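The primary structure of each chain is shown beneath.
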Amino acid sequence: MPFSDFHGNAETVHRLRDMLARERFPHAVILSGAGGSGKYTLALMLAQAMNCLEPSETDGLPDFCGRCANCTRIAQAADLDARFTEAVEARENMRETDKKETRLFVQSHPDVLVIPPDPPQMMVKVDQVRRVIETIYYRPAEGRERVYIFTSSAFIKEAANSLLKVLEEPPDFATILLLSENSGELLPTIRSRSMTFQLRALAAEEIETDLAANHPEWKPQQRALVARLSEGALGRARSFDLAAYVAARADALTLLNSAVRAGEHGELFKVTETYRPGAEGKEKTEHLVHALYSLLRDLMFVNSGAPQMVCNSDVTGELVKLGEAVDFEWIAAASDRLAEVQRGMRRNLLRSLSLDAFAVALERN
Ligand SMILES: [Zn+2]
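How each quantity is defined
Residues numbered from 1 in each chain as written. Predicted model: local features only at pLDDT ≥ 70, side-chain atom pairs only at ≥ 80, totals over all residues. Heavy atoms only, no water. Helix = DSSP H or I, 4+ residues; strand = E, 2+ residues; numbered from the N terminus. Buried < 20%, exposed > 50% of the residue type's maximum accessible area, 1.4 Å probe, protein only. Contact = heavy atoms within 4.5 Å. Areas by Shrake-Rupley, 256 points an atom, 1.4 Å probe, with all protein chains shown as cover. Lys, Arg positive; Asp, Glu negative; His and termini not counted. Charge placed at Lys NZ, Arg CZ, Asp CG, Glu CD. Core = buried A, V, L, I, M, F, W, Y, C linked by side-chain atoms within 4.5 Å. Donors = N, O, S within 2.8 Å, 3.2 Å for Na, K, Ca; no water. Tetrahedral: all angles 85-135°; square planar, octahedral: opposite > 155°, others 65-115°. Patch = residues over 30% accessible without salt bridge, like charges linked within 9 Å, V, L, I, M, F, W, Y side chains within 5 Å. Salt bridge = Lys/Arg side-chain N within 4 Å of Asp/Glu carboxyl O. 1 Å grid on protein atoms, 1.4 Å probe; cavity = no way out; pocket = protein on both sides within 12 Å on 5 of 7 lines; lining within 4 Å. Points joined across faces, edges and corners; volume = space filled by probe spheres on them. Pairing = 2+ DSSP bridges. Axes fitted to C-alpha atoms, helices over the stretch in contact; angles between N-to-C directions. Arc of directions from axis to C-beta. Polar contact = N/O pair within 3.5 Å; in protein donor to acceptor, adjacent residues only side chain to side chain.

(A) A look at the overall build of the protein chain. Looking only at helices and strands, one finds 17 helices and eight strands in the protein chain. Across the 365 residues of the protein chain, 48% fall into the buried class. In the protein chain, 70% of the contacts between residues at least 6 apart in sequence involve partners at least 24 apart. Entry remark: accessible area of the protein chain is about 18200 Å², with carbon and sulfur atoms responsible for 50%. A gap of 3 Å separates the mean positions of the 43 positive and 52 negative side-chain charges of the protein chain.

The following block contains the structure:
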């Protein structure tokens, strides 16, 4: 996975690699940009380039191999959502006293620490920054550079002040990468000690154009759908599993229709029965939840007179019919219920059971 696999923002990537080449990479870098613009992907790539055991050059600039022990271990942190969920689950299974003292980290390589915001407040806490302070002055163990990646710029005030102390005197062999959707929320003193790079999410039209070349087998309407669902992230769009999404969406529509037409459960149970426990069922349920969220958001657009915002434009007819049967409160309640299903999934409740409960609870009386 060398830099050529990073899509978009070519100029920014070039500048960052150029600084690597000149050994002028700043100790603190803010990667700022909307969700889907590739901040985390790029941060891990930089960590790999800094620590690759078989560093190479492409286009005259430093690159990484993606295959050596350092590259592959750093890449294990790539699925941030999954690693984050694992860390949260591990903490939830601890004794109460240990739980309080345990802060969240994602670490797949001894020299690269990923610091996600800590739930439920989803803020970076002071104890997380303390871990950075405790380790940053030790020379890297297996790489050349210690890399710290903060995946959010929402800091508790005390945590921000602690970070500032590190930025005042960073060691030569450490780099701090701050990822931010809104760098304005960082302390001005943190910003002034960092170099900020802006990453742009791609417009849906740009992604559609790319998909026309990369997925000519998709119909234009499908490409438009994928472009909107992938929220500006080209990599996500290119690897989008359209067949799985369309199947999940068909089930999601059955669920919503069943909820709206109270009393008829035959079809609903036929669908929910196919959602079994286990790894495969989990992935299938995740697709379903994703499709349900997307449909609920579209229903909101349809009912507020903004049909041009609809993602699932190929099923607009069905959405309009559904929309006539529900109001704003119903859609909001459905989103809340769906969040409950997700929480239940984390606790491994029987999936089909919680899906039935979801649909039945939404029935209109
Ligand atoms: Zn490598």
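(B) The arrangement of the nonpolar core in detail. Within the largest apolar cluster, 47 residues are counted, with the highest numbers of intra-cluster contacts made by L292, L296 and W330. With residues near it in sequence (within four places) discarded, L292 still touches A252, L255, L256, L338 and F358. If you look at the next biggest cluster of nonpolar residues, it comprises 35 residues, including L31, M45, C65 and L177.

(C) The coordination of the zinc ion, seen in detail. At 2.3 Å from the zinc ion lie its protein donor atoms, namely C52 (SG), C65 (SG), C68 (SG) and C71 (SG). Viewed at the metal, the four donor atoms of the zinc ion are separated by angles of 102 to 120 degrees, and the geometry they form is tetrahedral. In the primary sequence, the donor residues of the zinc ion line up as C-x12-C-x2-C-x2-C. On the criterion of sequence distance, the pair formed by C52 in the loop between helix 2 (39–51) and strand 2 (56–58) and C68 in the loop between strand 3 (61–63) and helix 3 (69–75) is long-range, its members being 16 residues apart. Assessed through its relative accessible area of 0%, C52 is described here as buried.

(D) Inspection of a negative patch on the surface at higher detail. A contiguous patch of negative charge on the surface is contributed by D241, E280, E283 and E286. Its location among the elements puts E280 in helix 14 (residues 279–303). Residue classification places E280 among the exposed residues on the basis of a relative accessible area of 70%.

(E) Representation of the layout of surface pockets within the structure. Taken as a whole, the second largest pocket holds about 460 Å³ of empty space. Taken together, 16 residues line the second largest pocket, and the ones lying closest to its centre are L20, E23, M50, R144 and E145. Counting only elements with at least two residues in the lining of the second largest pocket, the list comes to helix 1 (10–21), helix 2 and strand 2.

(F) Region of the structure containing the pattern of salt bridges. Evaluated as defined, the whole model comprises 18 salt bridges. Measuring nitrogen to oxygen at the nearest pair gives 2.7 Å for the salt bridge that ties E142 to R73. Within this pair, whereas E142 is found in the loop between helix 6 (126–136) and strand 6 (146–150), its partner R73 is found in helix 3, the two being separated by 69 residues in sequence. Taking the relative accessible area as the measure of exposure, R73 reaches 27% and is therefore partly exposed. Put simply, D118 and R103 hold a salt bridge, and the shortest N to O gap is 3.5 Å.

(G) Region of the structure containing the sheet that holds strand 8 (residues 195–199). The sheet built from six strands is open, its strands ordered 4-5-6-7-1-8 with mixed pairing. The open sheet has two edge strands with one neighbour each: strand 4 (106–109) and strand 8. In this sheet, neighbouring strand axes are inclined to one another by 15 degrees on average, regardless of whether the strands run parallel or antiparallel. Sheet topology note: the strand 1 (residues 28–33)/strand 7 (residues 174–180) ladder contains five bridges and is parallel. Across the sheet, A28 pairs through a bridge with I176, a residue of strand 7. Relative to the sheet, helix 1 contacts strand 1 and strand 8, its axis offset from that of strand 8 by approximately 150 degrees.

(H) Region of the structure containing helix 9 (residues 204–214). For helix 9, the complete set of buried residues consists of I207, D210 and L211. In an axial view of helix 9, the angular spread of the buried residues amounts to 100 degrees, which keeps them on one side of the axis. Every exposed residue of helix 9 that faces more than 90 degrees away from the buried side is listed here: E205, T209 and A213. Buried residues along helix 9 sit against helix 10 (220–229) and helix 11 (234–238).

(I) Geometry of the environment of T274. Looking at the secondary structure, you find T274 in the loop between helix 13 (266–272) and helix 14. On the basis of relative accessible area, T274 is assigned to the partly exposed category, the value being 39%. Counting along the chain gives 16 residues from T274 to S258, while the straight-line C-alpha distance between them is 16 Å. Within the structure, T274 has its side chain in polar contact with the side chain of K284 (distance 3.1 Å).

(J) Seen up close, the environment of D314. In this fold, D314 is placed in the loop between helix 14 and helix 15 (316–325). Counting along the chain gives 89 residues from D314 to L225, while the straight-line C-alpha distance between them is 8.1 Å. Among all residues touching D314, those that are not within four sequence positions of it are Q221, L225 and R249. Looking at D314, its side chain comes within polar contact range of the side chain of R249, at 2.7 Å.

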